[in-house]
Amino acid sequence: MAKMLAARLHALGEPMSVDTIDVPVPRPTDVLVRVKACGIVPNMANVINNWPTWFPHQPLPALPAVFGLDAAGVVEAVGEAVLNTKPGDRVYVNPLRSCGSCQACRAGQRSLCRYFTLNGYFSTSRDGQRIFDLYPYGGFAQYMTAPQYSLVNIPDNMTFEQAGKLGYIGTSYGALKHAAAGPGQVALVDGVTGTLGVAATLLALASGVSRVLGTGRNETLLKRVKDLDPDRVEVFRLGDGSTGEWAKSLTGGEGADFVISALGARAPVETMLDSMQGVRRGGKVVNVGGVADRLPVDVKWLMDEQVQLIGSNWFTTAQGQELADMVRTGALDLSYLECKPFPLAKVNEAISGLENRDGGFSNYVVIP
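Let me sum up the structure you'll find in this document. Numbering of residues starts from 1 in every chain and runs along the sequence as written. The model is predicted, so local features are restricted to residues of pLDDT at least 70 and side-chain atom pairs to those at 80 or more, both for listing and for counting; the totals for chains, interfaces and linings are taken over all residues. Computation of side-chain values covers all heavy atoms of the structure but excludes hydrogens and water.

A few points about the overall build of the protein chain
Secondary structure elements are taken from DSSP: a helix is a run of H or I of four residues or more, a strand is a run of E of two residues or more, and numbering for both begins at the N terminus. A tally of helices and strands in the protein chain yields 12 helices and 17 strands. Projecting the C-alpha coordinates of the protein chain onto the three principal axes gives extents of approximately 65 × 45 × 40 Å. Here the protein chain, with 368 residues, has 53% of them falling under the buried criterion. A separation of at least 24 residues holds for 71% of the contacts in the protein chain among residues at least 6 apart in sequence. Looking at the protein chain, you have 33 positive and 35 negative side-chain charges, and the mean spots of the two groups are 4 Å apart. Three labels apply to residues, based on accessible area from a 1.4 Å probe with only protein chains included: buried if under 20% of the type maximum, exposed if over 50%, partly exposed otherwise in between. Here a residue-residue contact requires only that any non-hydrogen atoms of the pair lie within 4.5 Å. In summary, the charge assignment counts Lys and Arg as positive and Asp and Glu as negative, without counting His or the chain termini. Note that the charge is assigned to NZ on lysines, CZ on arginines, CG on aspartates and CD on glutamates.

This is the structure in structure tokens:
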């Protein structure tokens, strides 16, 4: 068997080790990808250290495990039943895995499958280990197998390092799809300086929204977001007053057409409740971040104002392809990403160093 290097986690809370293991062989409907870059999500350190305590019903892969969520690379080999992919193709591997045969999967809504699992990360299903058994290789390895349905063909003007950020960019794009973002609308992005927030801002602008109202805590990063489009972006520092009142004041008392809540998992619940008050009657609040506690929702207010509260946790491979095509045509410019590459041997350093990143402008990647 051919051999490869892979960073594996042998025990929760301990550093990963770089091990020599067999190169996997793709099944008939799978492909083998030579990984060129794998993005490191800001939450990876929490997952491998705190996840069982925080979310005991959302399993991690059995250890030792190869993590790595956002892999991009070159197709090395294809299974005998793969028809539209060939060796040499440049691809991003969408980590969303599902059973493939339930009603939701057959309808193309894989994120609604009860087996929903993010390969190389975690599962939201009690039975997610079955998916991890089928696809045990994440992106922190020189090679990985992936189902053909997961592949996004990336253009030559998108680097592998940039493609390693598509997980977060795609998550923001999926949220904007739920919000039905379009020309002439006003968006309120709560947590605009983070990875999801910066991506949501750029994608909202590319979708033709008239203004993006963004909130955050870091004044330096808020200025950088404002500079993305000074005429269409307005920013507000959290703690300087009410987000909802600020949004209403900039929209003639109407409020934003939709809110993208991109706060982190440690954000106070009051922050999201405040931003929700900044949406207009009939507007939408789409959550892709999370807050530190349960959200006490006034359902009568939702009813009276006809506001929709929507959860959105990932994106489809088709939406990922749309993003790649936007980059190919120049509609989406990913040059804002500041790549910070690490060799596989320094994967632990890369994961632990994420606390010092430059908000949503940084792009930490492992290069296997």
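From this point, things continue past the structure.
Observations concerning the nonpolar core
Here the nonpolar core consists of buried residues drawn from Ala, Val, Leu, Ile, Met, Phe, Trp, Tyr and Cys, with membership extended through side-chain atoms lying within 4.5 Å. One finds M16, M44, F67, F140, I260 and Y336 to be the most contacted residues of the largest nonpolar core, which totals 97 residues. Among the elements that line this core, the one with the most residues is helix α6 (residues 195-206), at 8 residues. If you look at the next biggest cluster of nonpolar residues, it comprises 19 residues, including W246, A267, V291 and W301.

Topic: the side chain of S172
Tracing the backbone shows S172 in helix α5 (residues 166-179). For S172, a relative accessible area of 1% corresponds to the buried category. Every residue in contact with S172, bar those within four places of it in the chain, is listed here: L196, A199, A200 and L203.

Some details on unusual backbone geometry
The linkage connecting L63 with the following residue, P64, adopts the cis geometry, with an omega of 0°. At A180, a residue that is not glycine, the phi angle is positive and equals roughly 55°. Relative to the helices and strands, A180 resides in the loop between α5 and β10 (186-190). What makes A180 partly exposed here is its relative accessible area of 45%.

Focus: the layout of surface pockets
The definitions used throughout rest on a 1 Å grid laid over the protein atoms alone, on which a cavity is an enclosed set of points accommodating a 1.4 Å probe that cannot get out and a pocket is an open set flanked by protein within 12 Å on both sides along at least five of seven lines; lining residues are those having an atom within 4 Å of a point. Grid points are joined across faces, edges and corners, and a volume is the space filled by probe spheres set on the points. Roughly 270 Å³ of internal volume is contained in the second largest pocket. In terms of lining, the second largest pocket is formed by 14 residues, of which the most central are S111, L112, H178, W314 and T316. Here the nonpolar group is Ala, Val, Leu, Ile, Met, Phe, Trp, Tyr, Cys and Pro; Asp, Glu, Lys and Arg are the charged ones; every other residue, Gly included, is treated as polar. Considered class by class, the residues forming the lining of the second largest pocket number 4 nonpolar, 10 polar and no charged.

Topic: the sheet that holds β10
Each strand in a sheet pairs with another by means of backbone hydrogen bonds, the pair being arranged parallel or else antiparallel. Read from one edge of the open sheet, 6 strands run β12-β11-β10-β13-β14-β15, paired in parallel fashion. Since the sheet does not close on itself, it has two edges, and those belong to β12 (233-237) and β15 (308-311), each with one partner. If you compare each strand with its neighbour and ignore which way they point, the axes differ by 20° on average. DSSP bridges decide pairing: two strands pair if at least two such bridges lie between them. In this structure, strand β11 (residues 211-216) lies alongside β12, joined through 5 bridges in parallel fashion. Bridge pairing links V212 to V233 in β12. Strands β11 and β12 of the sheet are contacted by helix α7 (residues 219-226), whose axis makes an angle of about 170° with β12. Sheet contacts for helix α9 (residues 269-276): β10, β13 (256-261), β14 (279-287) and β15; angle to β14, the most-contacted strand, approximately 145°. Under this scheme, a helix contributes an axis fitted over its contacting stretch, all axes are lines through C-alpha atoms, and angles between N-to-C directions fall in the 0 to 180 degree range.

Brief notes about α9
Looking at α9, one finds that the buried residues are V269, T271, M272, S275 and M276. Projected onto a plane normal to the axis of α9, the buried residues spread over an arc of 160° and lie on a single side. Looking at the packing, one finds that the buried side of α9 touches β10, α8 (243-249), β13, β14, α10 (299-305) and β15. An arc is given here, and it is the one of the directions from the helix axis to the C-beta atoms.

Considerations on the pattern of salt bridges
Salt bridges, as used here, are contacts in which a Lys or Arg side-chain nitrogen is within 4 Å of a carboxyl oxygen on Asp or Glu. Taken as a whole and judged by the stated rule, the model has 17 salt bridges. Note that R8 and D19 form a salt bridge whose closest N and O atoms lie 2.9 Å from each other. Note that R8 is positioned in strand β1 (residues 3-8) and D19 in strand β2 (residues 17-22), a separation of 11 residues in sequence. A relative accessible area of 15% places D19 in the buried class. Here E234 ties to K226 by a salt bridge, and the two come within 3.6 Å at their closest N and O atoms.

Structural notes on the side chain of K284
Inspection of the secondary structure puts K284 in strand β14. Here K284 is buried and forms no salt bridge, its nearest opposite-charge partner D257 lying at an N-O distance of 10 Å. Here the side chain of K284 touches H178 through a polar contact of 3.5 Å, landing on its backbone oxygen. Those residues within four positions of K284 in sequence are excluded, and the remaining contacts are H178, A179, A180, D257, F258, V259, V279, Q308 and I310. Polar contacts here mean pairs of N or O atoms no more than 3.5 Å apart (in protein, one a potential hydrogen donor and the other a potential acceptor; neighbouring residues in sequence count only if both atoms are side-chain atoms).

Examining the packing of α5 against helix α11 (residues 317-329)
Helix-helix packing: each pair is described by the crossing angle between the helix axes and the interaxial distance. In contact at an axis separation of 10 Å, α5 and α11 are set at 105° when each is read in the N-to-C sense. Considering the angle they form, α5 stands roughly perpendicular to α11. Residues L166, I169, G170, Y173, G174 and K177 of α5 lie in contact with α11, whose contacting residues are Q319, E322, L323 and M326. Among the residues forming the contact of α5 with α11, the class breakdown is 5 nonpolar, 3 polar and 2 charged. Roughly parallel means an angle under 35 degrees; roughly antiparallel, over 145; roughly perpendicular, 65 to 115; everything else is oblique.

Quick word on the packing of α5 against α6
The N-to-C vectors of α5 and α6 enclose an angle of 55°; their axes lie 8 Å apart at closest approach. Between α5 and α6, the angle falls in the class oblique. Once α5 is placed against α6, the crossing between them reads as right-handed. In this structure, α5 contributes Y168, I169, T171, S172, Y173 and L176 to the contact, and α6 contributes T195, L196, A199, A200, L203 and A204. Along the lines of polarity and charge, the residues of the contact of α5 with α6 split into 9 nonpolar, 3 polar and no charged. Throughout, a crossing is termed right-handed when the near helix is turned clockwise from the far one, and left-handed when it is turned anticlockwise from it by less than a right angle.

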